[in-house]
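# Chain and residue survey
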Amino acid sequence: MFSLRTKLILFMSMLTIFIGILSCLFFLIHSKSQQEEALKKLGTSLVMQLAQDSEVKHALNYTQSAFLDAPIKRVQTLDMEEEIGYCRISNIKSVIIEEKAPWISVRMKEIPMRHDYQNPDVQLTHRKITSSGETFYDFSIPVVEKQTFSEEAFAAQLLGEIPAKAEQKILGFVQIGLSPHKLNERIHRSILRSIIPMGLSIVLGGICITFFFTKYFVSPIRHMASITLDIAKGNLTRTVDIHSRDEIGQLSLSFNQMTKSLKASYDEKEKIMAQLRENVNNLSNANKELVRINEQLNEAQERLVRSEKLAVVGKLASGVGHELRNPLGAIRNALFIIKKKRGNTRISNDVQKFNQLVEIVEKETDRSIKIVNDLLGFSRTAKPAVSPTNIRSIIESSLSRLKIPDKINKVVQVENTLPLVPVDANQIEQVFINLVQNAMDAMPKGGWLTVHAQRENNFLAITITDTGCGIPDTIKNKIFDPLFTTKPKGIGLGLAISSNIIQRHEGSIDLKSKEGEGTSFIIKLPIIKT
Amino acid sequence: MIEKYLKQHCLQIFTVFWFILAFLFQISFLSPQIFAKENTVVIIQSQQIAAYSEAIKGFEKGCKGKNISIKAIYNLNGDADEGKRIIQNIKDNKLKPDLILAVGVLAATLVKEQFTDVPIIFCMVINHKRFNLQGANITGISSEVSVEDQFAILKELLGAHKNVGVIYDPMKTGKIISEADVVAKRLEFYLIKTKITSENEVASALKNMIGKIDALWMIPDSTVITKNSLNVLSKTILEHRLPTFCTSDAIVKAGAALVSVSPDYTYTGLQAARMAQTLLNNPSTTSLGITQPDKLKLTLNTQTAEIIGVNLASFQSHPDVVLYP
């Protein structure tokens, strides 16, 4: 949720604030104790000065308050900050003088006198809080008649006795009360002028240092993060440009090495991938080539098979045709003579039946002759005798040779500007007859027969379309094979002969058919250049 | 100062001495009765304490039957101002004493300042070297016990090769310590010294020493030995069972130390009386110098020994042994 830098800044700031507060507290306590110590020293020195003053001793000896004016003034001059709240000097009999500062509201009665100086453990200083709530540092000391010679006191101690104190005569007491109001003022001043600025400078300085420190510390990491993102996106050329000798420097060095090796392996992978892609392309091309060659091979094989078939059929047809045509012609001639003679002579009752038979023989003989003619036509190998021919005339001649039933609507669409084509008019007419005959056979219940001729680049395209039963896909590739037929009385040579003729004209014949909708045969013939 | 004084009044002194000698020379032949004339001695004590009284008693005892009359005993009450007044009074008195016995440092220093023409014998002055108590008319009995004597006792008590701690103020007792360094080395003791400059440092100095030392040597140093520090020292010593030796029988009596070697105060008085006699009998001799006390006493605290766990059997047969409590 928070960035590393924010977390660091937050943590360090909290720590700095904590340290700042602790330092302030420490200095406050220290300053307070120092001020108190200074106050105690001042009080002690003032009270000692009074107690050792010979005039004070005189005043106490003779109970003369007049002698006290000068010593008290001397002490007051030493109290430059006006911290003396009250002063009391008394001898054994009575209080000689009692003075209090005008700004002190406490009554002197509230401040008890001390008489317990015989107790050696008694402290010189007392912190007093009066009933009116004012606080004083009370300093009391007895005024003794004489002073002890310190080396003698030491000697007495070492030699076993401390007689001096017992013999010291106490003349009276000096009591001074110092008010801590100046001390408090000084402490407040110190808080405002030193402690708070110090705390603030520690906190602000700490935060500033943390800010810059974290910037220095985190920015390389952030920089590396952005570079990592770039690298993740694929830009492997990025490197971290940090040259410090610390852990960050080591990290950046390792990072750069990692990026370098990553780039090397990425380049290697790309190289392999490119090679693979090239191989795949090559393979794909080779495959395509193979498929094409295979198709060519299949086609060639098919053509070879067909050629072989055609050759065999051609040979057969040639032989059979020659052998059969002559006898069939003789039979026909004979039948002609028989028929002629029958009209002149009345033979018997069976004449009707005889006629029927003769007609059958004639019809079948015609049919046989046609078959033989077809076979012979098919077997013909000679080149067509081409001459520039108007295709319209061939179409019309073909259609006129056939008896088209009325239930079939004939449409002929031939462009007027069609060029002449170099064809053998008889052979092409046979092709058209074959195709139109097939179309009529496909439409026993009637339909539309369309013949359409147009120029397509260097070819002339003639399309013969019917709306008949159509050719199933399974037999489409066999339709031009010789001896293949779907008709009960066909011998399967019409389309084979047509295809053969067109091929000899260096043209092409194609088939488009959909079962139940109809069939179109498209013949393309090369155009002669005029 | 004395030398300066001597130089300035050389002729007068010489004349006085000449007359005195001539007078003495004459009367020694003319009247033996004059010899029998009582010598007067004034005793000035710094303050009224038992130790000084013992010494004075010893002196009085020593003077009995020796034709020495103690004219007066003055007590300075430990007060320098009062002391000066008293001595001024003695000086103003027309009857000048033949000899003055100063007991204690205050008396000794004040008498030395005021009297240059009367033989002075001082005693019971602790660390007399610090107060420059030397002069043509000054004879003294040191109240110090030599460092060697003290370490000899310690060796007898604990054996050699011990770490001995000592706290001192170099301003006051630095000389004793430099002397002690040599003696300790000779007697095979290791002296562990801690310097202090005020009595407030005593407690911490002692605390730092505990664990490093086998015995504590308390030397007569007014910075180290004060009323407050004695309490601290006493407590710590007993708490850590630290054998402590010193030169103050009072400290041993109080239980703060185990053993002390100190002069016998009465005998010091007797020794002073003997010296007074010599001086008075030989008027030409005005000073006998400063001598060591003739007789020392060993003070032991059996209770402390029991707490610390030190066997004092061998010491009980010693002559001049005082046992407390």
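Residues numbered from 1 in each chain as written. Chains lettered and ligands numbered in written order. Predicted model: local features only at pLDDT ≥ 70, side-chain atom pairs only at ≥ 80, totals over all residues. Heavy atoms only, no water.

### Focus: the pairing of strand β1 (residues 39-45) of chain B
All names here are of chain B. Threshold: Accessible area is worked out with a 1.4 Å probe on protein chains only. A residue is then buried under 20% of its type maximum, exposed over 50%, and partly exposed in between. Numbering of helices and strands starts at the N terminus; helices are DSSP runs of H or I of at least 4 residues and strands are runs of E of at least 2. Two strands qualify as a pair provided DSSP detects at least 2 bridges between them. With its strands directed away from the observer, a crossover is right-handed exactly when the path from the first strand over the helix to the second travels clockwise.
Most of β1 is tucked away, with six of its seven residues classed as buried. Both β1 and strand β2 (residues 68-75) contribute to a ladder of seven bridges, which runs parallel. When the bridges of β2 are listed, I43 appears paired with I73. A crossover connection joins β1 to the parallel β2 through helix α4 (residues 50-63); in handedness this β-α-β unit is right-handed. Where β1 and strand β3 (residues 99-103) come together, five bridges link them in parallel fashion. Among the inter-strand pairings, I44 is bridged to a residue of β3, identified as A102.

### Describing the packing of aromatic side chains
Our working rule: Here a Phe, Tyr or Trp ring, Trp counted by its six-membered ring, pairs with any other such ring whose centre lies within 6.5 Å, and the pair is stacked when the planes are under 30 degrees apart, edge-to-face when over 60, and tilted otherwise. As a reminder, the over-ring test applies to NZ of lysine and CZ of arginine, requiring each to be within 6 Å of the ring centre and within 35 degrees of the ring normal.
Taken as a whole and assessed by the stated rule, the structure comprises nine aromatic pairs over all chains. Among the aromatic side chains, those forming a connected cluster through ring pairs are B:F151, B:F189, B:W217 and B:F245. Positioned above the aromatic ring of A:F211, the side-chain terminus of A:R5 is 4.5 Å from the ring centre.

### Topic: the sheet that holds strand β11 (residues 508-514) of chain A
Residues and elements named next belong to chain A. To be explicit about the condition: Angles here are taken between N-to-C directions and fall from 0 to 180 degrees, while the axes themselves are lines fitted to C-alpha atoms, restricted in helices to the stretch in contact. Contacts are assigned to residue pairs that have any heavy atoms within 4.5 Å of one another.
Reading across from one edge, β7-β9-β10-β12-β11 is the order of the five strands in this open sheet, with mixed pairing throughout. Across the chains shown, the open sheet's two edge strands, defined by having one partner strand only, are β7 (408-414) and β11. If you compare each strand with its neighbour and ignore which way they point, the axes differ by 15° on average. Where β7 and strand β9 (residues 447-456) come together, seven bridges link them in parallel fashion. Across the sheet, residue V412 finds its bridge partner in β9, namely V451. Packed onto the sheet, helix α10 (residues 425-442) meets β7, β9, β10 (459-466), β11 and β12 (518-526) and runs at close to 25° relative to β10. Across the sheet, helix α11 (residues 494-504) touches β11 and β12, and the angle it forms with β12 is around 25°.

### Observations concerning the nonpolar core
How we decide: By convention a nonpolar core is built from buried Ala, Val, Leu, Ile, Met, Phe, Trp, Tyr and Cys residues, the set being connected through side-chain atoms within 4.5 Å.
If you look at the biggest cluster of nonpolar residues, it comprises 50 residues, and the most contacted ones within it are A:L159, B:F59, B:M124 and B:I251. Residue contributions to this core peak at seven residues, all from helix α12 (residues 265-281) of chain B. Contacts of B:F59, omitting those with residues within four sequence positions, involve B:V41, B:I43, B:I70, B:L101, B:G269, B:L270, B:A272, B:A273 and B:A276. With 42 residues, the next largest nonpolar core counts A:A453, A:L495, A:I497 and A:I501 among its residues.

### As for the pattern of salt bridges
Spelled out, the test is: Whenever a carboxyl oxygen of Asp or Glu lies within 4 Å of a side-chain nitrogen of Lys or Arg, that contact is scored as a salt bridge.
Throughout the structure, instances matching the rule amount to 16 salt bridges over all chains. The salt bridge partner of A:R401 is A:E429, with a shortest N-O separation of 2.4 Å. You can see A:R401 sitting in helix α9 (residues 391-401) and its partner A:E429 sitting in helix α10, a full 28 residues away along the chain. A:R401 gets classed as exposed once you look at its relative accessible area, which sits at 60%. Note that B:E188 and B:K155 form a salt bridge whose closest N and O atoms lie 3.8 Å from each other. One end of the pair, B:E188, is in the loop between α8 (170-186) and β7 (189-195); the other, B:K155, is in helix α7 (residues 147-158), and 33 residues separate them in sequence.

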